[in-house]
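# Coordinate inspection notes
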Number of protein chains: 2
Amino acid sequence: MKIGKQSLTFHNVFIGEGAVVVGPKENQGPLSDYFDKAYDDLYCGAKTWEKAEMQLFKDAINISLSKNNLAVCDVDCLISGDLNNQIIIGSYTLRDYELPYLGIFGACSTSVEGLIIGGNMIESGSCSKVLVGTSSHNATSERQFRYPTEYGGQKPQTITSTATAAGILLLTNTKGKLCLSGATIGKVIDAKINDPHDLGRAMAPSAFDTIVTHFNDFNSKPNDYDLIVTGDLSYYGKDMLIKLFDEININIKEHYDDCGLLLYNQEKQNVFAGGSGCGCCAAVTYGYLLSKLRDNTYKKILVVATGALLNPIIVAQKETIPGISHAVIIERIDD
Amino acid sequence: MKIGKQSLTFHNVFIGEGAVVVGPKENQGPLSDYFDKAYDDLYCGAKTWEKAEMQLFKDAINISLSKNNLAVCDVDCLISGDLNNQIIIGSYTLRDYELPYLGIFGACSTSVEGLIIGGNMIESGSCSKVLVGTSSHNATSERQFRYPTEYGGQKPQTITSTATAAGILLLTNTKGKLCLSGATIGKVIDAKINDPHDLGRAMAPSAFDTIVTHFNDFNSKPNDYDLIVTGDLSYYGKDMLIKLFDEININIKEHYDDCGLLLYNQEKQNVFAGGSGCGCCAAVTYGYLLSKLRDNTYKKILVVATGALLNPIIVAQKETIPGISHAVIIERIDD
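All values derive from a computational prediction rather than experimental measurement.

Let us look at the side chain of Thr172 of chain A. Relative to the elements of secondary structure, Thr172 of chain A occurs in strand E9 (residues 165–172). Other than its neighbours up to four places away in sequence, Thr172 of chain A contacts Asn12, Val13, Phe14, Gly16, Ile122, Ser128 and Lys129 of chain A.

If you want it as structure tokens, here you go:
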């Protein structure tokens, strides 16, 4: 149901089991217990980085089907996107599945954009079971957006480290313990930042815009959520977001964290300003946060996935880097 | 409502006015009367090809709003995708609009994928008015997928010519003369073709799969539609599709055409095997075909947008080129 210009509520969208498959660095971080499978090298047994990312994505689909006791034929649709040009990870992986497929792109907001679109496919009655997913891979993204890692270019401290991870989540109309109860669709917000090495601060204003709109549309406040989590703003963007809320006299700090900062151990792992990439928010949300909802640590969370909408050509044309942030409410239904 | 594994029906999704803005070659073709605006050079007054494509897209949004007597604040969401890396056309253009935005990618199937997602946003009650759109530009696509046009590379006869065009269509829950009554979501189909200069034949098997599934799910046959149109299979892919139907004893020929072949005058315009690009199917469908439904030439059509899911990196890695085709039924509601 539509509430406000950007927000909506779901009444029949429930969350099944998710699956998260990660690379070596992510598995050495503090959340390793919440992942379903990990590879100890970035090639994941494949011959190219792109095929390695496809392997992660395929594993995540298969594990998710298995955890939900579903066969491919039980699923109505898969919705996914990734950071590679023309989102080849989803489309090439799906060659091996008899699954209707909808490709999306929202950069690192993809994990939540997929939940919003998938939620609507269920709420409308068009589907009863939808898989939503995304992936990112450190080596495919670095060469896609910056330089090949082999080039060994130096990096500023504001840069984030793309997570090697794939996440898949089942949305279903079968009542379960967790539900997707609401969403706020983001607008494109241009903070006039043009440094592709500081995407956290390029995206923070879009996260601010979406969360403020969300509070207004749902008549809610930070206290109404056990956790508000962005994905992924870096230390710099997180700090900027907190300050933007301070300016309007809203204290978000005590209820707020960022997926890219949760995924790694900042002191021991060299990830610069934090993690990023579509797979980061998916790994933390579909893996760790859903577990925390299921084990009663949390009752209701707001996940705000943030995407930087650049490509290298347009940055070379001296354009700024706009951001977009989509938010969903995930909550536990108590008996 | 879900019918069959891949198909669904809409009961509350109506079609408002569309807007189509094209480049010079498209305006010299047989459908020029059905377009809202045309530029006489490929730069469209902008400094780069990408910004030229953004200009087409922006014009299409503005004209569509005007034709529908809507302001930006009356629209709940815009859904779009394009062929540029990381779909920058939609995301950069949307910086100037206060509009919730969902980015999608389905290559040249985008124009119909957007209608399916937008239809679900309305059917679920989440939105009352959604703009769906896409664009392509000959010069941005050529250098994105093949070579910069300035390179002057020779082309084989099987290649298609990317249309320079942007299309926007309004979906609404306000009852009107035309409705979006059903859809079939495509699967990724790999015909094992790896020639990026023959995308028509790479995609034809996916169009075949979607149309056969559509006939089965809706218990329909070619005669039930005044026109079945693909977008865009080229002369080679169109011929292949007709032959695939011949093999299962279905005569589709009399009711079938292709958007890429309708857009240009093949004898006078040098477009090789026909038109292609996201904007091609959008221009022909949102412009020409909707007019033919409104003026009572057609009562019910099936639009099957076909996408080739390659990127240059994966083709260089010797992979094949899968295709996907999404279908929607558009029909006139008689009083």
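Read on for the rest.
This part covers the pairing of strand E11 (residues 227–231) of chain B. Residues and elements named next belong to chain B. Across the 5 residues of E11, 5 count as buried, placing the element largely inside the fold. Note: E11 against strand E14 (residues 300–308), 5 bridges, orientation parallel. Each bridged residue has a counterpart across the sheet, and for Gly231 the counterpart in E14 is Ala305. Relative to strand E12 (residues 256–258), E11 runs parallel, the two sharing 3 bridges.

Before going further, it helps to spend a moment on helix H5 (residues 138–145) of chain A. Residues and elements named next belong to chain A. Along H5, 7 of the 8 residues are buried, which leaves the element largely enclosed by surrounding structure. Listed as buried for H5 are Asn138, Ala139, Thr140, Ser141, Glu142, Gln144 and Phe145. The inward-facing, buried residues of H5 contact helix H2 (49–67), strand E7 (129–136), strand E8 (161–162) and helix H10 (312–316).

Quick look at the relation of the copies chain A and chain B now. Between chain A and chain B, the superposition needs a rotation of 180° and an axial shift of 0.0 Å, giving an RMSD of 0.0 Å. Such a turn and shift between the copies fits a two-fold axis. A shared interface surface links the copies, since 100% of the contact residues of chain A are contact residues in chain B too.

A few words on the environment of Thr48 of chain B. Within the fold, Thr48 of chain B resides in the loop between strand E4 (37–38) and helix H2 (49–67). The class for Thr48 of chain B is buried, based on a relative accessible area of 17%. Sequence spacing of Thr48 of chain B and Thr140 of chain B is 92 residues, and the spatial spacing of their C-alpha atoms is 9.1 Å. Apart from the residues lying within four places of it in its own chain, the contact partners of Thr48 of chain B are Gln317 of chain A together with Tyr43 of chain B. At 3.0 Å, the side chain of Thr48 of chain B and the side chain of Gln317 of chain A are in polar contact.

Here we take up the packing of helix H6 (residues 199–218) of chain A against helix H7 (residues 234–247) of chain A. All names here are of chain A. In the contact formed by H6 and H7, the axes pass within 8 Å of each other and the chain directions differ by 40°. As far as their axial angle goes, H7 and H6 are oblique. In the packing of H6 onto H7, the handedness of the crossing is right-handed. In this structure, H6 contributes Gly200, Arg201, Ala204, Pro205, Ala207, Phe208, Ile211, Val212 and Phe215 to the contact, and H7 contributes Ser234, Tyr236, Gly237, Met240, Leu241, Leu244 and Phe245. Of the residues contributing to the contact of H6 with H7, the split by class is 12 nonpolar, 3 polar and 1 charged.

Residue and element names in this part refer to chain A. Domain annotation for chain A reports domain 1 (12–172) and domain 2 (178–332). For domain 1 versus domain 2, the distance between C-alpha centres works out to 18 Å. Listed per partner, the contact involves 50 residues of domain 1 and 55 residues of domain 2. The tally of links from domain 1 across to domain 2 stands at 0 salt bridges. Scanning the region where domain 1 abuts domain 2 turns up 16 residue pairs in polar contact (both at pLDDT 80 or more). Those elements giving two or more residues to the side of domain 1 that touches domain 2 turn out to be strand E3 (14–22), helix H1 (24–27), helix H4 (110–123), E7, H5, E8 and E9. In terms of residue count, the dominant contributor to the side of domain 1 that touches domain 2 is H4 (7 residues).

Our next topic: unusual backbone geometry. That bond from Gly231 of chain A to Asp232 of chain A is cis: its omega, 10°, falls within 30 degrees of zero. Counting through the fold element by element, Asp232 of chain A comes out in the loop between strand E11 (227–231) and H7. Of note in this structure, Lys318 of chain B is not a glycine but carries a positive phi near 70°. By the element assignment, Lys318 of chain B lies in the loop between helix H10 (312–316) and strand E15 (323–332).

Moving on to the pairing of E3 of chain A. Note on strand geometry: in a regular strand, side chains alternate between the two faces of the sheet. All names here are of chain A. Most of E3 sits inside the fold, with 8 of its 9 residues counted as buried. Two strands pair when backbone bridges link them, and E3 and E9 are joined in this way by 7 bridges, in the antiparallel orientation. Among the inter-strand pairings, Gly18 is bridged to a residue of E9, identified as Leu169. Where E3 meets strand E10 (residues 178–184), 2 bridges bridge the pair, whose relative direction is antiparallel. When the bridges of E10 are listed, Ile15 appears paired with Leu178. In terms of strand pairing, E3 meets strand E4 (residues 37–38) through 2 bridges, oriented parallel. Paired with Val21 across the bridge in E4 is Lys37.

What follows covers the pattern of salt bridges. On inspection of all chains with the given rule, the structure shows 36 salt bridges over all chains. The partner of Lys187 of chain A in a salt bridge is Glu98 of chain B, and the shortest N-O contact between them spans 3.8 Å. Placement of the pair is Lys187 of chain A in the loop between E10 and H6 and Glu98 of chain B in the loop between helix H3 (88–93) and strand E6 (101–103), with the two residues belonging to separate chains. When the shortest N-O distance is used, the salt bridge between Asp334 of chain B and Lys299 of chain B registers 3.5 Å. Highlighted residues: Asp334 of chain B in the segment after E15 and Lys299 of chain B in the loop between helix H9 (278–294) and E14, separated in sequence by 35 residues. A network of salt bridges, in which partner residues are shared, links Lys51 and Arg95 of chain A together with Asp190, Lys192 and Glu319 of chain B.

Rules used throughout
- Sequence positions are assigned chain by chain, starting from 1 and proceeding in written order.
- The naming scheme follows written order: chains are lettered A onward, ligands numbered 1 onward.
- The predicted nature of this model means local features are confined to residues of pLDDT at least 70 and side-chain atom pairs, given and counted, to a pLDDT of 80 or more, with totals for whole chains, interfaces and linings taken over all residues.
- As a rule here, side-chain values come from all non-hydrogen atoms in the structure, and water together with hydrogens is ignored.
- A helix here means a DSSP run of H or I that spans at least four residues, while a strand means a run of E at least two residues long, and both kinds are numbered starting from the N terminus.
- Any two residues whose heavy atoms approach within 4.5 Å are treated as being in contact.
- Throughout this description, buried means an accessible area under 20% of the type-specific maximum (1.4 Å probe, protein chains only), exposed means over 50%, and partly exposed covers the range between.
- For two strands to count as paired, DSSP must find a minimum of two bridges between them.
- Our superposition of the copies is a least-squares fit, built on the C-alpha atoms of residues whose pLDDT is at least 70 in both.
- Under this definition, polar contacts are N or O atom pairs within 3.5 Å; protein pairs additionally need one hydrogen-donor-capable and one acceptor-capable atom, and for neighbouring residues in sequence, both atoms have to be side-chain atoms.
- Here, axes are lines fitted to C-alpha atoms. For helices the fit covers the stretch in contact, and angles between N-to-C directions go from 0 to 180 degrees.
- Comment on the angle field: the value is read as roughly parallel under 35 degrees, roughly antiparallel over 145, roughly perpendicular from 65 to 115, and oblique elsewhere.
- Two helices that cross are described as forming a left-handed crossing if the nearer one is turned anticlockwise from the farther one by less than a right angle, and a right-handed crossing if clockwise.
- Put simply, Ala, Val, Leu, Ile, Met, Phe, Trp, Tyr, Cys and Pro go in the nonpolar bin, Asp, Glu, Lys and Arg in the charged bin, and everything else, Gly too, in the polar bin.
- By convention here, the domain bounds are inherited from an automatic or database domain assignment.
- Salt bridge criterion: a side-chain nitrogen from Lys or Arg within 4 Å of a carboxyl oxygen from Asp or Glu.

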